[in-house]
Amino acid sequence: MELSSNRPAASFLPGTSVSQAYRRILAWENLLAAFAQAARGKRGGSAVSIFEYQLADRLLEIQHELAFGCYKPGAYVNFYIHEPKRRKISAAPFRDRVVHHALCNVIEPRFERLFIPDSYANRPGKGTHRAVDRLQQFAQRYPYVLRADIVRHFPSIDHGILRATLARVIAEDDVLALIDCILASGAGVLADEYEMVYFPGDDLLAACRPRGLPIGNLTSQFWSNCYLHPFDQFVTRELRCSAYLRYVDDFALFGECKREIWAWKRAIVDRLAQLRLTIHDEATQVVPTASGIPWLGFVVYPDHRLIKARKVRATVHHLGERLREYLAGRISFGEFDASVKGWVNHVRYADSWGLRRQVFRGLRIPPRDASPRPGASAVPSRPRGRLASPA
C-alpha cells in the first residue's frame, strides 16, 4: 500500500510506504481481536455497546484512519481512585483502546523476548500472585532484602527517554509514528501529579520536558515495562544480583551480605537518575527477610503470609457497601457474590482462614422475603483475626 502526498492532514506521518509490521497492526483480523480484548469484561458498558452496534463500520473507520495517516486520539476522561493510594486515572475513549490493543498485539512480542523472567506486571503468565510466590521463594533462600518503590512512577516517565528505548527495538518509521501519536495524546495528563525533580546536568528547560503516561492505558502499562527494562538488566547483569524481581514500580533485591546490598542501593539511585526517576529513600532500607516484607498488599514472611491491615479495612468497607447496595435492590445477588468471590480468590494466597471467617460473620444477609430489622447494620464488623501491621 502506498500513501500519496495529497492525503488529509495527519496527526502522524507514516511516510510513503507501509511496513509489514504496520500492515499487521491495521489488518482486519488484528483489529477484530483488538476489539474483543478491549471489550473483555466491559460488555455491559455503554461505550462498548455503542461501538459494537456498528462494529464492522467502526473497525473499518479505524482501519482507514490508520492506513491514511489521519488517526487522532480522543480526549481522556479523568477520575481518582483512593485505594491503595490516591491516583489519577485517565481513561481513553473505547475506540482508542482498540487501537492500543492492535498496536501492542504486534510490538509486544518483540519486547517480551527481551524482558527478564522476574518482571511480573502486565505480562502473559505472570501477575500479582506469582510475584508474591517468587518473593517468598527468595525470602526462604536469603537473609536480607532491599525493597523499594519509585516515586510517582507513571507521571515521571520521560517521553524522550521512552521514545529512544522503544526505537532501539522498533525500526519501522510508521509504527514509531503511531507510537508518537499515542504518546503525545497523553502529554500533560498527569502534570498536576508530578513534582519537578532536577537531576545533574539539568537546566531550567528541564521542566518543559514532556513526561507522564496516563494510568489506565494498556500502552502505558506495557511501555512502563519497556522503560524499566534497562534498569532490570543493570541490576541483574552489572550488579549481578541473582535474586531480583519487579512488579511495575515495586522491586526487591535479596542477598547474603548487608554491606553489599547497601552498595547496591547507592548504585540503584544513580542508575534510576539516568531514567529521571527517584525512589522513596527513607523507606528503602536493608532489612532481615524474617521480619516480613510488604509486597503487593501482603506482608510476606519466609514461612507464611498475611494480608496488610489497611487492605482488610478497605475490604470490610467495600463489602459492606456492596451488601447495602444488594439489600437496597441496586445490584443483584450475583454481583454481590462476585465481589465476595473476588476478594476470597485474592486472600486465599495468604494465611487468611480466620480472617475470612471473621469478615463473613459480619456479613449478615436476611432471608429472601425479609427486610433488615430497624437499626440492624448491614456493615460487616471489624475483624478481630490476625492482621499484619499497617504499612
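The sections below set out a description of the structure shown in this document.

So, how was this worked out
- Residues numbered from 1 in each chain as written.
- Predicted model: local features only at pLDDT ≥ 70, side-chain atom pairs only at ≥ 80, totals over all residues.
- Heavy atoms only, no water.
- Helix = DSSP H or I, 4+ residues; strand = E, 2+ residues; numbered from the N terminus.
- Expected span 1.5 Å × (residues − 1).
- Contact = heavy atoms within 4.5 Å.
- Pairing = 2+ DSSP bridges.
- Axes fitted to C-alpha atoms, helices over the stretch in contact; angles between N-to-C directions.
- Phe/Tyr/Trp six-rings, centres within 6.5 Å; stacked < 30°, edge-to-face > 60°.
- Buried < 20%, exposed > 50% of the residue type's maximum accessible area, 1.4 Å probe, protein only.
- Lys NZ or Arg CZ within 6 Å of the ring centre and 35° of its normal.
- Parallel < 35°, antiparallel > 145°, perpendicular 65-115°, else oblique.
- Left-handed = near helix turned anticlockwise from the far one by under 90°.
- Nonpolar A, V, L, I, M, F, W, Y, C, P; charged D, E, K, R; others polar.

Brief notes about helix α12 (residues 309–327)
Right, on to step 1. With 19 residues, α12 extends 27 Å between its outermost C-alpha atoms, agreeing within 8% with the 27 Å of an ideal straight helix rising 1.5 Å per residue.
Right, on to step 2. Looking at the buried side of α12, the elements it contacts are β9 (305–307), α13 (333–347) and α14 (353–361).
Right, on to step 3. Following α12 by one or two positions, Gly329 has its phi on the positive side, about 80°.

A closer look at the sheet that holds strand β6 (residues 286–288)
Right, on to step 1. Taken together, the four strands give an open sheet; going across it, the order is β4-β5-β3-β6, and neighbouring strands pair in antiparallel fashion. Two strands bound the open sheet, and with one partner strand each, they are β4 (244–247) and β6. Mean inter-strand twist for the sheet, computed between neighbouring axes without regard to direction, equals 25°.
Right, on to step 2. In the sheet, strand β3 (residues 144–149) pairs with strand β5 (residues 250–255) via six bridges, with the strands oriented antiparallel. Bridging from a neighbouring strand, Arg147 pairs with Ala252 of β5.
Right, on to step 3. Set on the sheet, helix α10 (residues 218–238) makes contact with β4 and β5; between it and β4 the angle comes to about 165°.
Right, on to step 4. Against the sheet, helix α11 (residues 258–274) contacts β3, β5 and β6, and its axis sits at roughly 150° relative to β5.

Considerations on the packing of aromatic side chains
Right, on to step 1. This structure, assessed with the given rule, holds 13 aromatic pairs.
Right, on to step 2. Consider the rings of Tyr326 and Phe336, whose centres lie 6.0 Å apart with planes at 10°: the pair is stacked. One end of the pair, Tyr326, is in helix α12; the other, Phe336, is in helix α13, and ten residues separate them in sequence.
Right, on to step 3. The partly exposed category is assigned to Tyr326, whose relative accessible area is 22%.
Right, on to step 4. Put simply, the rings of Phe35, Phe51 and Phe94 pair up and form one aromatic cluster.
Right, on to step 5. Directly above the ring of Tyr120 sits Lys126, whose terminal nitrogen or CZ lies 5.1 Å from the centroid.

A closer look at the packing of helix α2 (residues 28–39) against helix α5 (residues 94–112)
Right, on to step 1. For the pair α2 and α5, the least separation of the axes is 8 Å and the interaxial angle reads 120°. Here α2 lies oblique to α5, going by the angle between them. As α2 runs across α5, the sense of the crossing is right-handed. Listed contacts from α5 to Asn30, Leu31, Ala34, Phe35, Gln37, Ala38 and Ala39 of α2 are Phe94, Arg97, Val98, His101, Ala102, Asn105 and Val106.
Right, on to step 2. The residue makeup of the contact of α2 with α5, split by class, is nine nonpolar, four polar and one charged.

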